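Working through the structure, step by step
Each chain, written out:
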Amino acid sequence: MRPVFLASVFAASLLISAQALSQSKEQVMANIQKKNESYKTVVSSCTQIKTMKGMKKNVTSTGTMYFIRETNQMKMQFTNHKNNGKDKDNQLIINGDKVVMINGGARNVFNTKSDHNMKILQWTLLYCIRGQVADAAKLNKSDVKMTTKGGYYVFDIDVSKQAKGRWNHLEASYSTKDMSLCVLKLEEKNGNTTTYNTLEKEYNGVVTKDIFNY
């Protein structure tokens, strides 16, 4: 009887530990969301790192990210500094129900009312910058796992196979100090990855809406 009793106690302790961890994760997520509500605008230096199958080197671009909470407008503007001296500019703009991708001279405008994949991209980015980790997971039909590492709360979101969109995994890292989004890694179903680093930020400054024009 004693082994059975000990096994029951051990199982109960594991359940309590799991519940405590879950509550801790939920509380951290709530704290992150609440803190980010105070950031009405965000301007940040931003680095974009792309890895692609078949390419030996990563493609790294540097630039600036702009965000207005009230209007859900977001812009990431990058320059890829090439070795031949011919720098290439690209932008990703979220404005209303449009996602705009500008790559050099090419411009693509997507309507998120009719393009479900772009709607997933739009709201994944917005939920993450807004600190709404639970909403990002729900959008991608996934549970959230949390770890604390190197001054960050790191949230892993394995996207459900039933979820539409380009991603199969998301990783969002928030500063333990100011609760802001610092690293967002998007892994596509084909194995390619895009990682955004937004480490140096200014909050609640003036960001004019015309910066989101395209």
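Here, every reference points to the structure presented above.
Treat the numbers as computed from the prediction; the structure is a model and nothing was measured.

1. A look at the side chain of Gln-48
Within the fold, Gln-48 resides in strand S1 (residues 41-51). Residues contacting Gln-48, with those up to four places away along its chain left out, are Val-59, Thr-60, Ser-61, Phe-78, Asn-90, Thr-194, Thr-195 and Tyr-196.

2. Remarks on the nonpolar core
Ranked by size, the top nonpolar core spans 40 residues in total, and within it Met-65, Met-74, Met-76, Leu-125, Phe-155, Tyr-174 and Tyr-196 carry the most contacts. Discounting residues that sit within four places of it in the chain, Met-74 has contacts with Met-65, Tyr-66, Phe-67, Leu-92, Ile-93, Ile-94, Leu-125, Leu-126, Ile-129 and Phe-212. Residues Ile-68, Ile-93, Val-100 and Ile-102 belong to the second largest nonpolar core, which totals seven residues.

3. Some remarks on helix H2 (residues 116-129)
Here H2 spans 20 Å end to end across 14 residues, near enough to the 20 Å set by a 1.5 Å rise per residue. For H2, the tally of buried residues reaches 10 of 14 residues, placing the bulk of the element in the interior. For H2, the complete set of buried residues consists of Met-118, Ile-120, Leu-121, Gln-122, Thr-124, Leu-125, Leu-126, Tyr-127, Cys-128 and Ile-129. Once H2 ends, the next one or two residues include Gly-131, with phi positive near 80°.

4. Quick look at the pattern of salt bridges
Using the criterion set out here, one finds two salt bridges in the structure. Of the charged contacts, one joins Lys-98 and Asp-97 as a salt bridge, the two residues approaching to 2.9 Å between their closest N and O atoms. Among the residues examined, Asp-97 registers a relative accessible area of 23% and is labelled partly exposed. For Asp-97, the salt bridge goes to Lys-113, with nearest N and O atoms at 3.5 Å. In this pair, Asp-97 is assigned in the loop between strand S4 (88-95) and strand S5 (98-103) and Lys-113 in the loop between strand S6 (106-111) and H2, connecting sequence segments 16 residues apart.

Calculation notes
- Residues numbered from 1 in each chain as written.
- Predicted model: local features only at pLDDT ≥ 70, side-chain atom pairs only at ≥ 80, totals over all residues.
- Heavy atoms only, no water.
- Helix = DSSP H or I, 4+ residues; strand = E, 2+ residues; numbered from the N terminus.
- Contact = heavy atoms within 4.5 Å.
- Core = buried A, V, L, I, M, F, W, Y, C linked by side-chain atoms within 4.5 Å.
- Buried < 20%, exposed > 50% of the residue type's maximum accessible area, 1.4 Å probe, protein only.
- Expected span 1.5 Å × (residues − 1).
- Salt bridge = Lys/Arg side-chain N within 4 Å of Asp/Glu carboxyl O.

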